[in-house]
Amino acid sequence: MSIEQALIERSGNRCELCSSEIGLSVYQVPPVTEESADRALLICEKCHSEVESDAALDVNHWRCLNDSMWSQVPAVQVMAWRLLTRLIGQAEIWANDQRDLLYMDPELQSWAEAGVTGGDSDSGAPTLDSNGTVLEDGDTVTLIKDLPVKGAGFTAKRGTAVRNISLTNNPEQIEGRVNGVRIVLLTQYLKKAN
């Protein structure tokens, strides 16, 4: 059985992302190491042109990801994650909420992240403090505002030094210890210590 025939059978002859029945073709999900049905999708012309383009995505079209992200097919999950990531880059809050709901095992997550070329916090943007100074793992920062720590029952006071910080995937957040508790801090309330 050819890859296309396997995908037609798997998808019921519908686009695996938006369920359209028009202009279907095989799309190998990058990175392509070898062509197989397990690493491919059957998608329509509209989805194919949007996936291949670097232009802004048609937000209304991609509302279909609310359904297709729940597919049991790994290649569909990977493409849904990548497209939601691109939509997050377009400031689509609903896409962030949906991507947060999408659980993938670590191997699948690695595959999904291997194809992301930008638009989200995972794109390699530098982590900056409130003054625009680049922060790195191991730096010491100082709080510039009293911050209530939810769930820990204390307030992190202005002027508190947080040593040996850890960067996160989100350039607007860091992790550090305050009063012996490891917490996530927003970089907008920090400045790098001299």
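The chain is annotated in an unreviewed UniProt entry as Alkylphosphonate utilization operon protein PhnA of Marinobacterium lacunae.

Scanning the entire structure with this criterion turns up six salt bridges. K46 is the salt-bridge partner of D58, the closest N and O atoms lying 3.2 Å from each other. On the criterion of sequence distance, the pair formed by D58 in the loop between α2 (45–52) and α3 (65–68) and K46 in helix α2 is long-range, its members being 12 residues apart. The exposure class assigned to D58 is partly exposed, which follows from its relative accessible area of 29%. A salt bridge links D139 to K192, with the shortest nitrogen-to-oxygen separation between them at 3.3 Å. Of this pair, D139 sits in the loop between α6 (106–114) and β3 (141–143) while K192 sits in strand β10 (residues 190–192), placing them 53 residues apart in sequence. Take K192: its relative accessible area is 29%, and that puts it in the partly exposed class. Because the salt bridges share partners, they merge into one network encompassing K46, E50 and D58.

Turning our attention to helix α5 (residues 93–101). Residues of α5 that are buried: W94, A95, Q98 and R99. End-on view of α5: buried residues confined to an arc of 130°, all on one side of the axis. Every exposed residue of α5 that faces more than 90 degrees away from the buried side is listed here: I93 and D100. Of the surrounding elements, those touching the buried residues of α5 are α3 and α4 (74–89).

To continue, consider the packing of aromatic side chains. Going through the model one piece at a time under the given rule, you end up with zero aromatic pairs. The ring of W111 carries R39 above its face, with NZ or CZ at 4.1 Å from the centroid.

Conventions we followed
- Residues numbered from 1 in each chain as written.
- Predicted model: local features only at pLDDT ≥ 70, side-chain atom pairs only at ≥ 80, totals over all residues.
- Heavy atoms only, no water.
- Salt bridge = Lys/Arg side-chain N within 4 Å of Asp/Glu carboxyl O.
- Helix = DSSP H or I, 4+ residues; strand = E, 2+ residues; numbered from the N terminus.
- Buried < 20%, exposed > 50% of the residue type's maximum accessible area, 1.4 Å probe, protein only.
- Arc of directions from axis to C-beta.
- Contact = heavy atoms within 4.5 Å.
- Phe/Tyr/Trp six-rings, centres within 6.5 Å; stacked < 30°, edge-to-face > 60°.
- Lys NZ or Arg CZ within 6 Å of the ring centre and 35° of its normal.

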